[in-house]
Amino acid sequence: MPELLRVLILEDRQDDAELVVVELKRAGFQPDWRRVDTAADYAAALSEPLDLILADYNLPQYTALKALQLLQERQLNIPFIVVTGSTREEAAVECMQHGAADYLIKDRLARLGQSVRHALGQKRLRDESARAEQALRESEQRYRAIFDGVRDAIFVEAPDGRILDANASACEMYGDTRENFLRKTVFDPVPPRPPA
């Protein structure tokens, strides 16, 4: 069964866009696609849910580099592949440096399916990494809330005796800051603060 793919094609020629769609279908995708050819239409289309952007390098009054810049300004994680007739190596290098997933020549589209699969795989990895980082931040916040909420003094120590962490109660009880505790070991004498 073909894989559904929501595609925005930034292209000023309808027939070139249709050739790209045919190649996507040949590669096993079911493209739900839309073609735009102006900066305003492109900017508006970025608010829609998209899986992929395929862009010609040169459009009237617009370039793939400007399209990439807008994508980055909006912090959108949408794979962007340049599909163009321009064979200038400098253009390809510049697009890749600015975040394009690939740079393909229109008369050599056999690699499009492979390029799209790779770009989508890289996006999945970025998404998974972002979710893992978010889960880690949330876990750290929960740990910190519990750790600092305990009324007893708690120290976390390394096998060599270095203090790795101290909760708020330990800092209050011993009259020291967490930062100072992290420079000490459990073997350093730390007299408790006299009762007030």
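Note: the structure precedes this text.
A short tour of the structure in this document, coming up.

Conventions adopted
Residues numbered from 1 in each chain as written. Predicted model: local features only at pLDDT ≥ 70, side-chain atom pairs only at ≥ 80, totals over all residues. Heavy atoms only, no water. Salt bridge = Lys/Arg side-chain N within 4 Å of Asp/Glu carboxyl O. Buried < 20%, exposed > 50% of the residue type's maximum accessible area, 1.4 Å probe, protein only. Helix = DSSP H or I, 4+ residues; strand = E, 2+ residues; numbered from the N terminus. Core = buried A, V, L, I, M, F, W, Y, C linked by side-chain atoms within 4.5 Å. Contact = heavy atoms within 4.5 Å. Phe/Tyr/Trp six-rings, centres within 6.5 Å; stacked < 30°, edge-to-face > 60°. Polar contact = N/O pair within 3.5 Å; in protein donor to acceptor, adjacent residues only side chain to side chain.

## Details of the pattern of salt bridges
Right, so step 1: Taken as a whole and judged by the stated rule, the model has 18 salt bridges.
Right, so step 2: A salt bridge links arginine 13 to aspartate 15, with the nearest nitrogen and oxygen atoms 3.1 Å apart.
Right, so step 3: We classify arginine 13 as partly exposed; its relative accessible area is 43%.
Right, so step 4: In this structure, the salt-bridge partner of aspartate 37 is arginine 35, at a minimum N-O distance of 3.7 Å.
Right, so step 5: For aspartate 37, a relative accessible area of 28% corresponds to the partly exposed category.
Right, so step 6: The exposure class of arginine 35 is partly exposed, given its relative accessible area of 27%.
Right, so step 7: Residues joined by salt bridges that share partners form a network here, namely Glu11, Arg13, Asp15, Asp16, Asp56 and Lys106.

## As for the environment of glycine 149
Right, so step 1: Relative to the helices and strands, glycine 149 resides in helix H5 (residues 112–149).
Right, so step 2: For the pair formed by glycine 149 and threonine 87, sequence separation is 62 residues and the distance between their alpha carbons is 62 Å.

## A closer look at the environment of methionine 1
Right, so step 1: Positionally, methionine 1 belongs in the segment before strand S1 (3–10).
Right, so step 2: Classification of methionine 1 as exposed rests on a relative accessible area of 98%.

## Some words on the nonpolar core
Right, so step 1: Within the largest apolar cluster, 28 residues are counted, with the highest numbers of intra-cluster contacts made by Tyr42, Ile53, Phe80 and Cys95.
Right, so step 2: For this core, the elements supplying multiple residues, two or more each, are S1, helix H2 (39–45), strand S3 (52–55), helix H3 (64–73), strand S6 (80–84), helix H4 (89–97) and strand S7 (102–105).
Right, so step 3: With 6 residues, H3 is the largest single contributor of residues to this core.
Right, so step 4: Those residues in contact with tyrosine 42, other than ones at most four positions away along the chain, are Leu8, Leu10, Val36, Ile53, Tyr62, Ala67, Leu70, Leu71 and Phe80.
Right, so step 5: Core analysis: the next-biggest nonpolar cluster, separate from the first, contains 18 residues, Ala17, Val20, Leu52 and Val116 among them.

## Thoughts on the packing of aromatic side chains
Right, so step 1: Considering all chains together, one arrives at 5 aromatic pairs under this definition.
Right, so step 2: Ring centres 5.2 Å apart and planes at 20° place the aromatic pair tyrosine 143 and phenylalanine 147 in the stacked group. Here phenylalanine 147 and tyrosine 143 lie together in helix H5, a separation of 4 residues that amounts to about one turn.
Right, so step 3: Residue classification places phenylalanine 147 among the buried residues on the basis of a relative accessible area of 7%.
Right, so step 4: For the ring pair phenylalanine 155 and phenylalanine 181, a centre distance of 5.0 Å and an interplane angle of 70° mean the geometry is edge-to-face. Taken together, the residues phenylalanine 155 in strand S8 (residues 155–157) and phenylalanine 181 in helix H7 (residues 178–181) connect sequence positions 26 residues apart.
Right, so step 5: Among the residues examined, phenylalanine 155 registers a relative accessible area of 31% and is labelled partly exposed.
Right, so step 6: In this structure an aromatic cluster arises from ring pairing among Phe155, Tyr174 and Phe181.

## What about the side chain of aspartate 56?
Right, so step 1: Structurally, aspartate 56 can be placed in the loop between S3 and strand S4 (58–59).
Right, so step 2: At a separation of 2.9 Å, a polar atom in the side chain of aspartate 56 contacts the side chain of threonine 84.
Right, so step 3: Within the structure, the side chain of aspartate 56 is placed 3.2 Å from the side chain of lysine 106, a separation counted as a polar contact.
Right, so step 4: Contacts of aspartate 56, omitting those with residues within four sequence positions, involve Leu10, Glu11, Asp12, Ala64, Val83, Thr84, Gly85 and Lys106.

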